[in-house]
Each structure stands twice: as C-alpha cells, then as structure tokens.
Amino acid sequence: AAPDEFRAVSSLVDRFVSTPDAKSLVFVMVGLPARGKSFVSMRLVRFLRWTGSEAQVFNVGKHRRKTETGVQDANYFDPSSTSAVSRREELAMQVCHEMLTWTREREGRIAVFDATNTTRARRAAVANWLAQSNTELGVIFLESLCNDEAVLEANVQQKLAKSPDYSKLDYTAAREDLCQRIGHYEKVYEPLLEDTIVVKGKNLNISYIKLVNFA
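Residues numbered from 1 in each chain as written. Predicted model: local features only at pLDDT ≥ 70, side-chain atom pairs only at ≥ 80, totals over all residues. Heavy atoms only, no water.

Asker: Mind showing me how you'd approach helix H4 (residues 82-105) here?
Answerer: Within an α-helix, residues lying three or four positions from one another point in the same direction, as the helix has 3.6 residues per turn. With 24 residues, H4 should reach 34 Å at 1.5 Å per residue; the first-to-last C-alpha distance of 35 Å fits that figure. Taken together, the buried positions of H4 are Ala84, Arg88, Leu91, Ala92, Met93, Val95, Cys96, Met99, Leu100, Trp102 and Thr103. (Helix = DSSP H or I, 4+ residues; strand = E, 2+ residues; numbered from the N terminus. Expected span 1.5 Å × (residues − 1). Buried < 20%, exposed > 50% of the residue type's maximum accessible area, 1.4 Å probe, protein only.)

See the structure below:
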C-alpha cells in the first residue's frame, strides 16, 4: 500500500498498486531475435551493479548451446515442430529454475531473464512459474522493439558477428539462417499488449517497459 503522504496523488497510489514492494526482482525480456535483448540485458545489469545492486543475466540461448548436442539451425526454432517447441520450453524453464534458486539465496538480488518470450502463453507460463516458486518476487516485463531499419540492420550485423550460433558459418549462410529463424518467430509473435496475466487463478496487473529502437 502507498504511504499516507502519497495517497493524495493518484498516480503515486497507482504506482504502489502496480509495482508493490518485493524482496527480489526479475526483468523478463520480450522480443524477436536481433532486437537487442541481450545487449539491453547486459547494460541493465551493468548499471544495476554500478548502483550497488547484485544483478545477473540468465540467458536461455547460452543454456541451449551448452545443453543441446544436435543441430540448432533455423529449423530448431520452427513453431510447427512440436518436439522442438517442447524442448525449447523445457530449456526455458530450466533457466527459470536456476534463476529462482539464485534469487532465493540472498534478498535484494535482481535477475534478468534473457529469452524471446514472444507469446502470451510463454509470458503467462513464466509469470506463473515465478509466482508459484517465490511469492515475494517482483516481475517487470521489458520488450525491445525495432522499427528503424538502420537499427535493425545494426542488430543483425552484431548478432552475426558475436553469436556462437554463427561462428562456424560463412556470412551468407549465417545471414540466411538468422533471417529464417526470425521468420519462424514472427509467425507466432504476440507483442506485449496485455495489461493483465492470470497468475494462480487471479487476473493480475503486470508491470512492463517498452523500448523502441533502444530509446
């Protein structure tokens, strides 16, 4: 609840209702591939550490590359492949579990869940997993959007140059594979438009931030 001295200002009351106090905090990234989610995640953690907070990024792609032994080209991200979808959901929840274990070890920790989380169903699953595992955990969704072609192209070039997924491919093959992967995600992508999520049977308001072209 908002302190008495803030109750005369409705916007401040809304802030306390929508973003209640929490012992730890998780930022849940949202966005298509090559939208700068990992860049934002790392910069956010760097800033939080600079302010004295204990913060860490939990990246699902990094976990995938460590865990999976088979081919992980664009076909791995095809939403029509039931087995691939199931496996990717499993990997995401494994990272969620690791992240929650880390946040529970010490009060005040801030985690960033770096994954696409491009569907409402995935975001609801993450929210429910977090709520069931830690009721004193604050959750903020952070969507990175790019509608500037120059920014998007810069993101693509950065991903091709830095991502281990493309380190063994020549430029043409790597770019083709990345474009196919983005196309697969676009088929199912649902922008973060929902104001509420059903968590443990209750319709709850969510807190979110939208970044457009990193602005």
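Asker: Sorry, what's going on with helix H3 (residues 60-67) here?
Answerer: Those residues of H3 that fall on the buried side of the exposure criterion are Val60, Gly61 and Arg64. End-on view of H3: buried residues confined to an arc of 100°, all on one side of the axis. Elements in contact with the buried residues of H3: strand S2 (55-59), H4, strand S3 (110-114) and helix H7 (171-188). The backbone nitrogen of Gly61 lies 2.9 Å from a side-chain oxygen of the residue at the head of H3, namely Asn59. (Arc of directions from axis to C-beta. Contact = heavy atoms within 4.5 Å. Polar contact = N/O pair within 3.5 Å; in protein donor to acceptor, adjacent residues only side chain to side chain.)

Asker: Explain the sheet that holds strand S7 (residues 207-212) to me, please; I cannot follow it from the model alone.
Answerer: Strand pairing in a sheet is mediated by backbone hydrogen bonds. Such pairs are either parallel or antiparallel. As summarised here, the arrangement of the 5 strands in space is S2-S3-S1-S4-S7, forming an open sheet in which the pairing is parallel. Single-partner strands in this sheet number two, and they are S2 and S7. Between one strand and the next, the sheet's axes are offset by a mean angle of 20°, whatever the strand orientation. Here strand S1 (residues 24-30) runs beside S3; their pairing, made up of 4 bridges, is parallel. When the sheet's bridge partners are listed, Val26 is paired in S3 with Ala111. Sheet contacts for H4: S1, S2, S3 and strand S4 (137-145); angle to S3, the most-contacted strand, approximately 175°. (Pairing = 2+ DSSP bridges. Axes fitted to C-alpha atoms, helices over the stretch in contact; angles between N-to-C directions.)

Asker: Teacher, can you tell me more about unusual backbone geometry here?
Answerer: Among all residues save glycine, negative phi is the norm, and among peptide bonds the norm is trans. Despite not being glycine, Ala34 shows a phi value in the positive range, around 65°. Locating Ala34 in the fold gives a position in the loop between S1 and helix H2 (37-50). Ala34 gets classed as buried once you look at its relative accessible area, which sits at 7%. For Asn213, which is not glycine, the phi dihedral falls at a positive 55°. Examined against the element boundaries, Asn213 turns out to sit in the segment after S7. Exposure remark for Asn213: the relative accessible area of 22% places this residue in the partly exposed category.

Asker: Can you walk me through the packing of aromatic side chains in this structure?
Answerer: Overall, the coordinates contain 5 aromatic pairs when judged by the stated rule. Measuring from centroid to centroid gives 5.6 Å for Phe39 and Phe214, while their planes differ by 65°, and the two rings are edge-to-face. Here Phe39 is found in helix H2, whereas its partner Phe214 is found in the segment after S7, with 175 residues between them in sequence. Summarising the aromatic geometry, the rings of Phe77 and Tyr185 are spaced 6.0 Å apart at their centres and angled 40° between planes, so their arrangement reads as tilted. Separated by 108 residues along the polypeptide, Phe77 in the loop between H3 and H4 and Tyr185 in helix H7 bring together distant segments of the chain. Tyr185 carries the same exposure label as Phe77, and that label is buried. Following the ring pairs from residue to residue traces out a cluster consisting of Tyr76, Phe77 and Tyr185. (Phe/Tyr/Trp six-rings, centres within 6.5 Å; stacked < 30°, edge-to-face > 60°.)

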